[in-house]
Amino acid sequence: MASNNQTNDAIKWLIIIADFFVLNLLLWLFTDYHYIVKEWTREMKWVFLFGNNLALFLSELRFSTIVHQRIISAADILRRVMGLVCAQALVAYVLLKAMDYLIPAGRVMLMFLPPFFVLLLLSRLIERGAIKRFRRMGRNSRTVTFIGNDPELMTIYEKLKNDPTTGYRVKGYYADAEIGEWTHSSSKGVRREQDGEILPSSPVEDQQALQRLGTLQEFLQKIVMEPDNLHLGDELYVSLSRRDRDIIKRISQFCDHKVIRFYYVPVSVESLGMNLKREMLDDMEVYTTYEIPLANPVNKFVKRTFDIMASLVFLIPTAIMFPFIWAIIKIQSPGPIFFRQKRTGLDGKDFEMLKFRSMHVNKDADKLQATKDDPRKYPFGNFMRKSNIDELPQFLNVLKGDMSFVGPRPHMLLHTEQYSQLIDKYMVRHFVKPGLTGWAQVTGFRGETKELWQMEGRVKRDIWYIENWSIWLDIRIIWLTAKTIFIHDKNAY
């Protein structure tokens, strides 16, 4: 673990050094080529260089890089870079005015801030890519061991192994019984959809199994008899019954002694199966099943303001493209330009959603989802679906207030009726407005839902979005959605 921490510290310092390189490269360009700065005296230029470097040093103390961290989102990196750049500009302005009041620092720093932000963000993308490649090669990795055979450990395993670039390697587990072949938690009673009906199908098995390293008793004996030969790695996840609290305590003390990060995972049979959140009712502590940030009036106002601004921005190019889209649709598929369909919205209420019509007029539009080789699609309609152009009229729904830019995708009424009976928490996704795009769509749950576990995965991600909403998360989802215009999503059809 010590070597991993040292490597991470080294990566962090290399990135900070790169920040100063980017800063001074831009400062050099400003002092030589900027129409204001190049006219300054030599002394003013040195003050400009020194003040900006000192400002970056002070700003790094508060907004130092997090790009080296293992599990970090693009939104977190963007927020950190924005904080660093804004702090650097503000501190630099104060320092420059303090050192030489005659320097027109305000105007210059306003011009300096945008290119510095862009260059720093580009460097973060390059640095993140380099770190991922480094870890994919097996360097700067963290090793993990499990104790127990509860299915909850398989959930942890999936989270750690899904992205090898985070640098996690699982050695195996100690338990008195085999975990065995694992199936998706939602695969029991998995169903597939055909012709608008939900039908039974077989479960889906995970092909990757964990290596069993020994029994729990063998592990406890090694703690006492040969602790130096027990190479557990950097982190230990324990999932044992609370009745074994003495064993759990012994393992925890051993981890403390060996400087191993200890994590306790409650076994599934002792879990309520509910993600309870604490709230205060006057002076009384109570717990609720869901915490909804968008229930806060300030958050609701921020999201609505963002929706209005974004819809106005996107409706302008939509209006420009409309005559061309109208002409091509009329040539390839006679019928209306817009496809109107009742969908389930906020609080389970119906609304009429708009799209550019991407299929020939048909009687099954309100019953069947689009499939990969759906004969109802015409060529330009297929292109619109893959590039998301057919969704553009929904900005009218956003402007009207029926939808949001980001949120759970609205489903047709028939599917709401069917899935609300099959999936326990399905209707929770209607606690917020539906969106043009959502967290489920950018994390692999877009398109046709052939089996029930796919819809359960979509609902799970929708609920996660509801509980973890922030404007930064919305921006991240929009960015990931925009990428699909250039990088085709295989589930988009």
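Fair warning: this is a prediction, and the values are worked out from it, not measured in the lab.

(A) Quick peek at the pattern of salt bridges. Enumeration over the complete set of coordinates arrives at 13 salt bridges. Asp374 is the partner of Arg376 in a salt bridge, and the nearest nitrogen-oxygen pair spans 2.8 Å. Taking the relative accessible area as the measure of exposure, Arg376 reaches 12% and is therefore buried. With a relative accessible area of 8%, Asp374 lands in the buried category. The structure contains a network of salt bridges with shared partners spanning Lys355, Asp390, Glu391 and Arg409.

(B) Focus on the nonpolar core. With 34 residues, the main nonpolar core has Trp40, Phe48, Phe112 and Phe116 as its most contacted residues. Listing elements by their share of this core, those giving two or more residues are helix H1 (2–33), helix H2 (42–63), helix H3 (74–99) and helix H4 (105–136). Residue contributions to this core peak at eight residues, all from H3. Core analysis: the next-biggest nonpolar cluster, separate from the first, contains 28 residues, Leu315, Met353, Phe356 and Trp439 among them.

(C) Representation of the packing of H2 against H4 within the structure. At a closest axis distance of 14 Å, the pairing of H2 and H4 adopts a crossing angle of 55°. Classified by the angle their axes make, H2 and H4 are oblique. Classified by chirality, the crossing of H4 by H2 is right-handed. Of the residues in H4, those touching H2 at Phe48, Asn52 and Leu56 are Val108, Met109, Phe112 and Phe116. A breakdown of the residues in the contact of H2 with H4 according to their chemical character gives six nonpolar, one polar and no charged.

The rules behind each value
Residues numbered from 1 in each chain as written. Predicted model: local features only at pLDDT ≥ 70, side-chain atom pairs only at ≥ 80, totals over all residues. Heavy atoms only, no water. Salt bridge = Lys/Arg side-chain N within 4 Å of Asp/Glu carboxyl O. Buried < 20%, exposed > 50% of the residue type's maximum accessible area, 1.4 Å probe, protein only. Core = buried A, V, L, I, M, F, W, Y, C linked by side-chain atoms within 4.5 Å. Helix = DSSP H or I, 4+ residues; strand = E, 2+ residues; numbered from the N terminus. Axes fitted to C-alpha atoms, helices over the stretch in contact; angles between N-to-C directions. Parallel < 35°, antiparallel > 145°, perpendicular 65-115°, else oblique. Left-handed = near helix turned anticlockwise from the far one by under 90°. Contact = heavy atoms within 4.5 Å. Nonpolar A, V, L, I, M, F, W, Y, C, P; charged D, E, K, R; others polar.

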